[in-house]
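Working through the structure, step by step
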Amino acid sequence: MSLLDPGMDLTLRPMKYPQFFDRFKDAIKNTWTVEEVDLHTDLADLGKLSAAEQHLVSRLVAFFATGDTIVANNLVLNLYQHVNSPEGRLYLSRQLFEEAVHVQFYLNLLDTYVPDADQRAAAFAAVDNIPSIARKAEFCFKWIDSIFEMRTLESRADRKKFLLNLICFAACIEGLFFYGAFAYVYFLRSRGLLHGLASGTNWVFRDESMHMAFAFDVVDTVRREEPDLFDEQMREQVRDMLAEAVECEVQFAEDLLEQGVSGMSPADMREYLQHVADRRLAVLGLEPMYDSKNPFAFMELQDVQELSNFFERRVSAYQVGVTGTVRFDDDF
Amino acid sequence: MTVTRDTTVPEQRRHVMRVRKRNGDLDTVDVNKIVKAVERWVGDLDEVDPLRVATRTISGLYAGATTAELDKLSIQTAAELIGEEPQYSRLAARLLIAYVDKEVRLQGVASFSQSIRHAQENGLIADSTAAFVRRNARELDDAVDPAGDLRFEYFGLRTVADRYLLRHPESRLVVETPQYWLLRVACGLSHEPAEAIGFYRLMSSLAYLPSSPTLFNSGTRHTQMSSCFLVDSPRDELDSIYERYHQVAKLSKFSGGIGISWSRVRGRGALIRGTNGRSNGIVPFLKTLDAGVAAVNQGGRRKGAACVYLEPWHPDVEEFLELRDNTGEESRRTHNLNLANWIPDEFMRRVEADEDWSLVDPSDAPELPDLFGEAFDDAYRKAEKKAVKTVKARDLYGRMMRTLAQTGNGWMTFKDASNRLSNQTGAPGNTIHLSNLCTEILEVNSDDETAVCNLGSINLAAHVTADGVDWAKLRETVRTAVVFLDRVIDINYYPSPQAARSNPRWRPIGLGLMGLQDAFFTLRLPFDSAAAKEFSTRVQEEIFLTALETSAGLAAESGSHPAFARTRAAEGDLHPDLWGAEPAQPDRWAALRKDIGKHGLRNSLLVAIAPTATIASIAGCYECIEPQVSNLFKRETMSGEFLQVNTYLVRELKARGLWTSSIRERIKRAEGSVRDLTELPDDVRELFRTAWELPQKALVDLAAARAPYIDQSQSLNLFLSAPTIGKLSSMYLYAWKAGLKTTYYLRSRPATRIQQATVSIAPVEAVACSLENPESCEACQ
C-alpha cells in the first residue's frame, strides 16, 4: 500500500503517516486572523514612498491578489484526491483554510491600499492585464492542467506527473514566486516601511513554510515507497521547470524594479532567485544549477527570533490550543 | 496609493552609473570615493572593511539615484554586516551621525545654541528653555562633547535619529544632533548651566537615561515628561465612563502609558434603575476604549497604549479574559488593549484549596475595590451571599493561564501584596487600585486623582567592570537621577486636572535599572547562580538606599512631600521593614532613619523597574533586569528591523578562534542558542544561556530577593517556549507565594517558524528523521 494508490482511505488508526497528523496539529497552533493585522500605519507610509517604490508595491499587491487562490485551486482540484491518507488530507484541509485566510488578507490589503474602485478592479485583473503577472499565472495554469483530467494515478507515468505538479507548487510557486514576493516585503520592512503588510506577510510566510515542508514530506514519502519514480528523466524535468520559474520571476522583478529602487537591483534579485532555486533543488537532493549566493542581507533577519516592543508592533509569537490542567508541582 | 499602469521605461545607461548631488549636478559613481567616505569613520574599528561596504552599496544602487540615497544605502549596507562582525554596528552609527550632522548644518546650524534658536523660531522650544540657553550660550556650546556620538551603537542611534531628535515642522529635517538633543533635555530640567552640563554628561555617557516622554519633551513647548498614569475605575455610571475616555485620550496624546481599572462598573445583566433595563456589561465599553486608544497617535512616534485591570470577582471576568482572543465575535474583542488581573490573596488561597469562587456585581458590593487584606476578605465573604454566579476557583485560574499562554496578556498582579507593602497605604482611605501599563508602578489613586509617575533608568553596564561594581560612581548616578526625576514633578505639564492633583501631594518617582544581564556577562555570573542573586540584591539595596538618602536630603532643603504624614515612612516603617528583610548596610539604614525622622522624605516612592525597551536600545545594553532572549535576534521597531548579536559571546568566541562562518551558521540554526556548541566549555555555554533555557524559578527568585529594595514594583517578564496550563499554574502560584507584587508578559514562541532562508539545507536523508517531533528537526522547518 502506498500513499499515491488510488482510493479513499478513511481509517486513522493505526496511523500510517503520523508526521502528517503532527503537522496538522502544529498548523492549528499558528492560527491567526486578518483582523489582528493593523494596516493603518501603512497608509501613512504609502504617501512617503517614491514613485518607483509605489510602482513596486502596486505590482506586488496585484500579484498577491490572485496568488493564493491559484494555489488553493490546485490543492482542491489536484492534490486532495491523490494523497490517499486521511491524516494527509487533514493537513491539506487545514492548508486550504490557511490559503483562504491569505486570500482574505490580501483582499483586505488591496481594499485598504487602493481606495479607487476602478484602480482596484484593475489590480484584481492583473492576472489578465499585466504581462509580468500574466506570464507567472500561465506557468501555474500549465501545471494545474497537466494532471487536471487524471482521476486516478494508475501508472508510473501518472505518478510521475503528479509528483511534478506537487514539486511545481511547492518549489516553484510557493517556494519561488512567493519567496520572491516576500523578499520585496522584507526589503521594505527592513527600511521601516509598511509594517502592516509585513506583519501579515510574516504570518502568511510562516504558513507557506509549512505548506512547502508538507509537500516535500509527501515527495520524500513517495520516493521512499517508490524509489524508481524519481529517475533521471524526472530530475531533468524538475530542473527545467525551476529554470522556467526563475525566468518568470526575473521578468517580474524587472517590471517591479524598472524605475530604480535604491538597495534592490534587478541583478541582485536574479542572484537571489537563483539562490532560492538552488535551495529547492538541495531539498530534493539535486545538485545546484546556479551556485548563486544570497545577496540580500535583510533576508538574514527573517532567520532569527524577533523581539517586538509592544508599544510599536503586535507581538506574533503566541500559540493557540494550549493544553493541560491546573497543577502546582510542574517544573518551570 | 494609485496603481501604476504600464509605462515606458526610461532608458538607463548601465555602463556608467551616475548619481544626483544635493545641488542637482550629476556625478559618476566611483567606488574609491565611497571607500574614502567610509574610511574617514573607521578610526579604531580594526575589523571592518570599507571596500566591502562600498562594493555592496554600489550593487544595490540604480542610475540616477541621489547622493542622499547613496549615503543612506551605505549606512544600511554597513548595518547589514553586523551579524558577521559587530564592529559594523559602530561604523554604521558613525556614518549615520555624519548624515544627521550634514542635515543639521545645511540649515545653518553650527552650534547647540543656534540649534535651540532655530528650533524655537519654528515653534518647537519652550520660551524659558530658549532664554536659559541664550543666557548661557557660550558655556553650553563649549560643553558639547563630540566624542559622545561615538558611543552609540547603530540601532540606538537609528532610534534616536528617527524618533527623538526634533524635526522642522514643515521640512521634516532634524534640527538637532544627538548631543544637542541630550543637552536640550538637560537644559529643560535645569536652573544653572553647571547642573545642566553635569546632567548632560551623565546622559551622554549613557550611564543613565530618563524615560522616553522626558527625552521626547523636555525643553519643548509641551513638557509632558511622565511615563505612567494610573486611572481609577470609572464610577458605575455613564457620565463617569465617558469622562474616563476623555481623560485617557488626553493622557495618551502626550506619550503617557495608561493603566485603568474597570472593577467598579456593573456586569452584564445587572439592573439599571434609571431605565429599568439590564446592563450589557463591561465588554462594549471596553470596545469603545479600545478604539479610542488606537485613534490617538502620540505625535507620530508610537500608538497609544493602555492596560485594563479587573478584579477576578467581577461577573464579566470570563468575557474579559477573552478580549484578546483571535477568534470569536469581533465586537467583543479589543486588540489594542492590554489586560491584567488584579488578584486578591483570597482568590489564590481558594485556588490552592480547590474551593468555589463567587462572582459578585459591583453594584451589590461597591466597597470591594477600595479594600484589601482582612477588610477585603470579610467584605467579600459577606458579598458572596449576593453572588451572581459561582465557579470553581481553579477553573477560573486555569482560564487565566490559558489567556496568558495564548495571548501573553492577562498579567497576574497581586492586590494584597501591592497594598500591604506600600509606603502610601499607611493611613485608612488610601488604596492602590491597579498597576500601570507595564506593571512596575503601584500608586494610590481615586476617582478625582490620577496617579502619575516619571521614570528613568540607570545603565548598570556602565558601572561594572570585570573587577566588580564602581559603587561610588553608582551612588553619584543615583543622586543625580533622583534630583532630576524629582524636578520633573514641578516642571511637568499635566494633561488632565486629575493627574495635576495627585502628583504634587505624593511626589513619587520611579528610578529603575537596565543592563543587569550585561553586568552578569561581565562578571561571568550565570543568571540562575546564587552569586547572581546576591549581586542583584546588593545592587538594588545600594540604589534604593542612596535614593532614599537623596530624597531625605531634598526634604531637608525643600520640605517633605505634603502627604508624608500619611505614609508608613512617617511611622518609621521603611520598605525593607515591611518585608522583614535584613539589609547588608545596617549602619547607613540607621543613619537614614534619623534623617527621615528629622526632615521626612521629598518623595513617597522612589524605585520601580520599568521595561526600558527603547532606552536600553539607545544605551546599547540589555533591557532592565531581563536575561537575554537570544544570542542572535532581531528587533522589530517602527524604524525597521535590526539584527542584534551578543557582543560578549562574540568576544569569547573570537578569543578562542571560534568566530567563524560555520559557527555563526550553527548559532543561527539553533535560533541563537549555544547549547550545542560543544567547542565551548560547559561553564561558557551555561553563562550564555537564553531566557528560554533558564529555569524561570530563578527569575522569580531573583525578583523576590531584590523586591524589599523596590518600593514600587518590577516589570517581570517570564519565558516559556512551549507553555502548558500545568507549568503556568505552578509558576504563577510560586510567584504569588514568593511575595511578588506584580508580573508582566508571559513570553512564548510560535509552534512552528518561518523556513530559514539563509542557512544551508540539511542533506535529504535527514528529512525522514523527524517523525516523532517535527519541531525539533531543522530539516522540516
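Computed from a predicted model, the values in this text were never measured in an experiment. (Residues numbered from 1 in each chain as written. Chains lettered and ligands numbered in written order. Predicted model: local features only at pLDDT ≥ 70, side-chain atom pairs only at ≥ 80, totals over all residues. Heavy atoms only, no water.)

**Focus: the overall build of chain B**
Secondary structure summary: chain B contains 30 helices and 23 strands in total. The C-alpha radius of gyration computed for chain B amounts to 28 Å, which stays within 12% of the reference 28 Å derived for 781 residues, consistent with globular compactness. Projected onto its principal axes, the C-alpha coordinates of chain B cover approximately 85 × 75 × 60 Å. Burial analysis of chain B (781 residues in total) assigns 63% to the buried set. Across chain B, contacts joining residues at least 24 apart in sequence account for 76% of those joining residues at least 6 apart. By element, 49% of the accessible surface of chain B is carried by carbon and sulfur atoms, the whole surface being about 27900 Å². Between the mean site of the 95 positive side-chain charges and the mean site of the 102 negative ones, chain B shows a separation of 3 Å. (Helix = DSSP H or I, 4+ residues; strand = E, 2+ residues; numbered from the N terminus. Rg over C-alpha atoms; globule rule 2.2 N^0.38 Å. Buried < 20%, exposed > 50% of the residue type's maximum accessible area, 1.4 Å probe, protein only. Contact = heavy atoms within 4.5 Å. Areas by Shrake-Rupley, 256 points an atom, 1.4 Å probe, with all protein chains shown as cover. Lys, Arg positive; Asp, Glu negative; His and termini not counted. Charge placed at Lys NZ, Arg CZ, Asp CG, Glu CD.)

**Observations concerning the interface of chain A and chain B**
Taken together, the contact pairs 95 residues of chain A with 99 residues of chain B. The partner of Arg189 of chain A in a salt bridge is Glu641 of chain B, and the shortest N-O contact between them spans 2.7 Å. Applying the counting rule to chain A against chain B returns 15 residue pairs in polar contact (both at pLDDT 80 or more). Here the element with the most residues in the side of chain A that touches chain B is helix α9 (residues 195–225) of chain A; it accounts for 10 residues. (Salt bridge = Lys/Arg side-chain N within 4 Å of Asp/Glu carboxyl O. Polar contact = N/O pair within 3.5 Å; in protein donor to acceptor, adjacent residues only side chain to side chain.)

**A look at the pairing of strand β19 (residues 509–514) of chain B**
It is a general feature of regular strands that their side chains alternate between the two faces of the sheet. Residues and elements named next belong to chain B. By the criterion of burial, β19 is predominantly enclosed, with six of the six residues buried. Burial along β19 is two-sided: the residues Ile509, Leu511 and Leu513 and Gly510, Gly512 and Met514 are all buried. Of the pairings in the sheet, the one linking strand β16 (residues 451–459) to β19 comprises six bridges and is parallel in character. For Asn454, the partnering residue across the bridge sits in β19 and is Ile509. (Pairing = 2+ DSSP bridges.)

**Notes on the sheet that holds strand β1 (residues 18–20) of chain B**
Read from one edge to the other, the open sheet built from three strands follows the order β2-β1-β3 (chain B), with strand pairing classed as mixed. With one partner strand each, in any of the chains shown, β2 (26–28) and β3 (65–66) of chain B form the two edges of the open sheet.

**Things to note about the UniProt feature "domain: ATP-cone" (unreviewed entry) in chain B**
Following the UniProt record, one finds the feature "domain: ATP-cone" (unreviewed entry) at residues 17–106 of chain B. Across residues 17–106 of chain B, helical content stands at 57% and strand content at 9%; the span's end C-alpha atoms are separated by 26 Å. (UniProt positions renumbered as here; feature names shortened; annotations may be inferred.)

**With respect to unusual backbone geometry**
In the segment running from Arg13 of chain A into Pro14 of chain A, the intervening peptide bond is cis, with an omega of -10°. Among the secondary structure elements, Pro14 of chain A is positioned in the segment before α1 (18–29). Even without being a glycine, Leu194 of chain A presents a positive backbone phi close to 55°. Along the polypeptide, Leu194 of chain A turns up in the loop between α8 (156–190) and α9. With relative accessibility at 1%, the residue Leu194 of chain A sits in the buried group. Not every positive phi belongs to a glycine, and Cys624 of chain B is a case in point at roughly 20°. Along the chain, Cys624 of chain B turns up in the loop between α25 (613–619) and β20 (632–637).

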